[in-house]
2 protein chains.
Amino acid sequence: MEFTNQKWVVAQHAQGHLHPDNYQWQEEILPEPQKGQVLIRSIYLSLDPTNRVWMGEEDTYLPALKIGEVMRGLALGRVESSQHPSFQAGDLVSGLIGWQKYLITDGVGLSKLPLLAGFPLTAHFGLLGHIGLTAHYGMIAIGNPQPGETVVVSAAAGAVGSLAGQIARIKGCQVIGIAGTDEKCEWLKKELNFTETINYRKESLQTSLAEYCPNGIDLYFDNVGGQTLDTVLHQMNNFGRVVVSGMISQYNADGSKHIFEHLLDIVTKRLMVKGFVCLDHMYYAETAFTDLLGWWQEGKIRYRIEVIEGLASTPSALLKLFNGSNTGKLLIRVSDE
Amino acid sequence: MEFTNQKWVVAQHAQGHLHPDNYQWQEEILPEPQKGQVLIRSIYLSLDPTNRVWMGEEDTYLPALKIGEVMRGLALGRVESSQHPSFQAGDLVSGLIGWQKYLITDGVGLSKLPLLAGFPLTAHFGLLGHIGLTAHYGMIAIGNPQPGETVVVSAAAGAVGSLAGQIARIKGCQVIGIAGTDEKCEWLKKELNFTETINYRKESLQTSLAEYCPNGIDLYFDNVGGQTLDTVLHQMNNFGRVVVSGMISQYNADGSKHIFEHLLDIVTKRLMVKGFVCLDHMYYAETAFTDLLGWWQEGKIRYRIEVIEGLASTPSALLKLFNGSNTGKLLIRVSDE
């Protein structure tokens, strides 16, 4: 059987904002998988802010992409045919399948996904997977929230932020979410049980933080960096923790640099600022997923999925993460489940 | 017996650079100490970058000073007369005696100093005291340097930096010191055994760090903040540690703010950035001082003292810490030993 692959490859490294010229669409006929190989059909492709980090010219926590290489992307799919002893046709798998419909691989780095009774397939990215691992590891293993503490989460209506905030609520904290539209704020407060929310586009972040955090901030889960980080730093309590999951304001280098006023608070307030990347903590996945599944079944945690149709839409869909028009986990439906 | 006190009081909170108008000289006749009180004559007053932090209008890790209050300062002195059961005339003590010749106190916060055979009195500030505690706690308890690692220290010819760098050398690290004159660099390399030094006023910090740290930087002991911190961040290794002892570039607020280019490295390199203040770690002093005294006796660690004569010189002497004209520990000799 013949498979026609469709894929987005790197045409230019990104400088500043993403641009259609960064990508090129290609089609190719794939050979049959050889002995030891497996052919995967992608179903859902995850779009994440870190996709932009991968597109620069410099190596980051993963090597820089090469021109002509398929765009890197985490996806889940099904095994279409297998010449690999560990995989069978029909297996559900996830891994760095890339921005393409099919992948032929020797299976290195591929994870078999369990069938979760009662959960849609998208839960593997909305509640579990790299999103759930990032939210749980960052909030619990680094942040260590204690009952009664005040926790602030930025990009709180994003995939990671919305879970991280709910986890802190489950741990008995006051949780203030920062987001960019009234709709997002309403969702966080009414459906996700956030204590308070701040629409940073309509309110003064500094003033609203002071109002909602009268006892200061003990723990900040940062997805944004820049001006937001700077403002929060100055309202942290002594010995506060800043968990840096991402800095989306910094990914598009032009015009996003910020003159920091309050880094000195790191010393005077004896803050701990810790960056992390979930790939380092795969050993922690079982701990995280057991909690997250349990909380979901108890009705304590929710997630939202936004699905965009078709691999062809991927470059334009990715922009939604940077212009604030997305809520929850953003996915591309590459093919039918 | 009558004692005429001389003191510097706060005339204006500092904004931007320090200015003679920040201080006012006063003299006063002191009463006899009452029951439960002790009268101390100051001998050596310690001048530290953090003095500037204390002079702002806002509370920091200590409350802001009030107008008319004696300038805060750590000093060592002798008990002249005591009505306090724990102190006797002649005892050597240290504490927040302030920028003044005499202090009458109930003894709260005062420490009795041991007589160290073979050490000059100034060793209590040059090698031990808050300087030794800061260097040892920051480098060992937070930084945890491992043999073979590459360690960078800024303000390396300062009191804390010079000890911190030597401690990392004792632990088997490659230590690169950043300082602002060739004389300081020569002292660090020839007398204190630093692996390499960088005169940041004559060399490109970025280029010299790349040359002297071909394997990247594992641990950065920061006394400076701002541009220096930003440049070092970008050459840190994955999972590196940044110990923030101070940010002297940020204390004089005007003109010292920096547009950070490389804070995103906190995420992509999974860095840990930790601020601290030695006052929180007094319990650790015995551990630190035992090591430091031992290393000194074995000839493994050195310190330098710069003594300026007379309390009247204090405001102008303090400027030496900010214009880079001081090496090692800066002290005012308030009265004879």
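These remarks concern the structure in this document. (Residues numbered from 1 in each chain as written. Chains lettered and ligands numbered in written order. Predicted model: local features only at pLDDT ≥ 70, side-chain atom pairs only at ≥ 80, totals over all residues. Heavy atoms only, no water.)

Here the structure, examined in full by the defined rule, presents 2 cavities of 30 Å³ or more. By volume, the largest cavity amounts to about 120 Å³. Every residue lining the largest cavity is counted, 15 residues in all, and those nearest its centre are A:Leu263, A:Ile266, B:Leu263, B:Ile266 and B:Val273. Split into classes, the residues belonging to the lining of the largest cavity amount to 15 nonpolar, no polar and no charged. When its volume is computed, the second largest cavity comes out at roughly 50 Å³. Taken together, A:Gly226, A:Met247, A:Gln250, A:Phe260, B:Phe260, B:Glu261, B:His262, B:Leu263 and B:Leu264 form the lining of the second largest cavity. Looking at side-chain class alone, the lining of the second largest cavity contains 5 nonpolar, 3 polar and 1 charged residues. (1 Å grid on protein atoms, 1.4 Å probe; cavity = no way out; pocket = protein on both sides within 12 Å on 5 of 7 lines; lining within 4 Å. Points joined across faces, edges and corners; volume = space filled by probe spheres on them. Nonpolar A, V, L, I, M, F, W, Y, C, P; charged D, E, K, R; others polar.)

To continue, consider the side chain of A:Thr50. Inspection of the secondary structure assignment puts A:Thr50 in helix 1 (residues 50-54). A:Thr50 has contacts with A:Tyr61 and A:Tyr251, leaving out every residue within four places of it along the chain. (Helix = DSSP H or I, 4+ residues; strand = E, 2+ residues; numbered from the N terminus. Contact = heavy atoms within 4.5 Å.)

On to the interface of chain A and chain B. If you look at the interface, chain A gives 31 residues, while chain B gives 31 residues. Each partner contributes to the roughly 2700 Å² buried at the junction of chain A and chain B, and carbon and sulfur atoms together form 67% of this total. If you look at where chain A meets chain B, you find 2 salt bridges. Remark: the boundary between chain A and chain B carries 7 residue pairs in polar contact (both at pLDDT 80 or more). The greatest single-element share of the side of chain A that touches chain B, amounting to 4 residues, is contributed by strand 14 (residues 272-275) of chain A. Residues belonging to the side of chain A that touches chain B are distributed by class as follows: 17 nonpolar, 8 polar and 6 charged. The pairing of strand 14 of chain A with strand 14 (residues 272-275) of chain B spans 3 bridges and is classified as antiparallel. (Buried area = accessible area lost by both parts, 1.4 Å probe. Salt bridge = Lys/Arg side-chain N within 4 Å of Asp/Glu carboxyl O. Polar contact = N/O pair within 3.5 Å; in protein donor to acceptor, adjacent residues only side chain to side chain. Pairing = 2+ DSSP bridges.)

This part covers the packing of helix 3 (residues 129-143) of chain A against helix 9 (residues 285-297) of chain A. Residues and elements named next belong to chain A. Running from N to C, helix 3 and helix 9 cross one another at 95°; their axes reach a closest spacing of 9 Å. As far as their axial angle goes, helix 9 and helix 3 are roughly perpendicular. For the pair helix 3 and helix 9, the contacting residues are Gly-129, Gly-132, Leu-133 and His-136 in the first and Ala-285, Thr-287, Ala-288, Phe-289, Asp-291, Leu-292 and Trp-295 in the second. Here the residues of the contact of helix 3 with helix 9 sort into 6 nonpolar, 4 polar and 1 charged. (Axes fitted to C-alpha atoms, helices over the stretch in contact; angles between N-to-C directions. Parallel < 35°, antiparallel > 145°, perpendicular 65-115°, else oblique.)

What follows concerns the sheet that holds strand 8 (residues 150-153) of chain B. Strands in a sheet are paired, the pairing made by backbone hydrogen bonds, and the direction either parallel or antiparallel. Spatial ordering of the open sheet is given by 10(A)-9(A)-8(A)-11(A)-12(A)-14(A)-14(B)-12(B)-11(B)-8(B)-9(B)-10(B), a layout of 12 strands whose pairing is mixed. Both edges of this open sheet fall to strand 10 (196-199) of chain A together with strand 10 (196-199) of chain B, since each of them pairs with a single strand only. Each strand axis lies, on average, 15° off the axis of its neighbour in the sheet, ignoring direction. In the sheet, strand 12 (residues 236-244) of chain B pairs with strand 14 of chain B via 4 bridges, with the strands oriented parallel. Across the sheet, the residue bridging to B:Val244 is B:Gly275, located in strand 14 of chain B. Helix 7 (residues 226-233) of chain A contacts strand 8 (150-153), strand 9 (174-179), strand 11 (217-222) and strand 12 (236-244) of chain A of the sheet and is inclined by roughly 170° relative to strand 11 of chain A. Its contacts with the sheet place helix 7 (residues 226-233) of chain B against strand 8, strand 9 (174-179), strand 11 (217-222) and strand 12 of chain B, and it is angled at close to 170° to strand 11 of chain B.

Take the relation of the copies chain A and chain B next. Screw-axis analysis of chain A against chain B gives a translation of 0.0 Å along the axis, an RMSD of 0.0 Å, and a rotation angle of 180°. Both chain copies can therefore be described as sitting about a two-fold axis. Residues of chain A ranked by C-alpha distance from the rotation axis are headed by A:Ile259, positioned 2.1 Å from it. Looking at chain A, 100% of its interface residues are interface residues in chain B too, so the copies touch through the same face. (Least-squares fit on C-alpha atoms with pLDDT ≥ 70 in both.)

Now for the pairing of strand 11 of chain A. All names here are of chain A. Of all 6 residues in strand 11, 6 are buried, a share of seventy percent or more. Bridge analysis of strand 8 against strand 11 gives 3 bridges, and the strand direction is parallel. Bridging across to strand 11, Val-151 finds its partner in Leu-219. Both strand 11 and strand 12 contribute to a ladder of 5 bridges, which runs parallel. Each residue of the ladder has a partner; that of Ile-217, found in strand 12, is Met-236. Following the backbone out of strand 11, through helix 7 and into the adjacent parallel strand 12, one traces a crossover that is right-handed. (Buried < 20%, exposed > 50% of the residue type's maximum accessible area, 1.4 Å probe, protein only. Right-handed = clockwise from strand over helix to strand, strands pointing away.)

The biggest cluster of nonpolar side chains holds 62 residues, and the ones touching the most others in it are A:Val152, A:Leu209, B:Val152 and B:Leu209. Residues contacting A:Val152, with those up to four places away along its chain left out, are A:Ile176, A:Ile178, A:Leu209, A:Cys213, A:Ile217, A:Leu219, A:Tyr220, A:Phe221 and A:Val232. Ranked by size, the runner-up nonpolar core spans 43 residues in total, among them A:Val151, A:Ala156, A:Ala179 and A:Val243. (Core = buried A, V, L, I, M, F, W, Y, C linked by side-chain atoms within 4.5 Å.)

Glancing now at the pattern of salt bridges. All names here are of chain A. Applying the stated criterion across every chain, the model contains 30 salt bridges over all chains. A salt bridge links Glu-28 to Lys-7; the nearest nitrogen and oxygen atoms lie 3.1 Å apart. With a gap of 21 residues between them, Glu-28 in strand 2 (residues 23-30) and Lys-7 in strand 1 (residues 3-10) connect regions that are remote in the sequence. In this structure Glu-28 comes out as partly exposed when scored by relative accessible area, which is 27%. Among the salt bridges present, the one from Arg-241 reaches Glu-149, with a minimum N-O distance of 2.8 Å.

Another point: the packing of aromatic side chains. Per the stated rule, a full pass over the model turns up 15 aromatic pairs over all chains. Ring centres of A:Trp8 and A:Trp25 lie 5.1 Å apart, and the angle between their planes is 75°; on these two criteria the pair is classed as edge-to-face. Of this pair, A:Trp8 sits in strand 1 while A:Trp25 sits in strand 2, and the two are 17 residues apart along the sequence. Each ring, one from B:Tyr137 and one from B:Tyr284, has its centre 5.0 Å from the other, and the planes form 85°; the classification is edge-to-face. Taken together, the residues span a long stretch of sequence, with B:Tyr137 in helix 3 (residues 129-143) and B:Tyr284 in the loop between strand 14 and helix 9 (285-297) at a distance of 147 residues. Per residue, the accessibility class of B:Tyr137 equals that of B:Tyr284, and both read buried. Put simply, the rings of A:Trp8, A:Tyr23, A:Trp25 and A:Trp99 touch in pairs and so form one group of aromatic residues. Lying over the aromatic face of B:Phe87, B:Lys112 brings its terminal NZ or CZ to 5.7 Å of the ring centre. (Phe/Tyr/Trp six-rings, centres within 6.5 Å; stacked < 30°, edge-to-face > 60°. Lys NZ or Arg CZ within 6 Å of the ring centre and 35° of its normal.)

Spatial relationships are all this shows, so hold off on functional conclusions.
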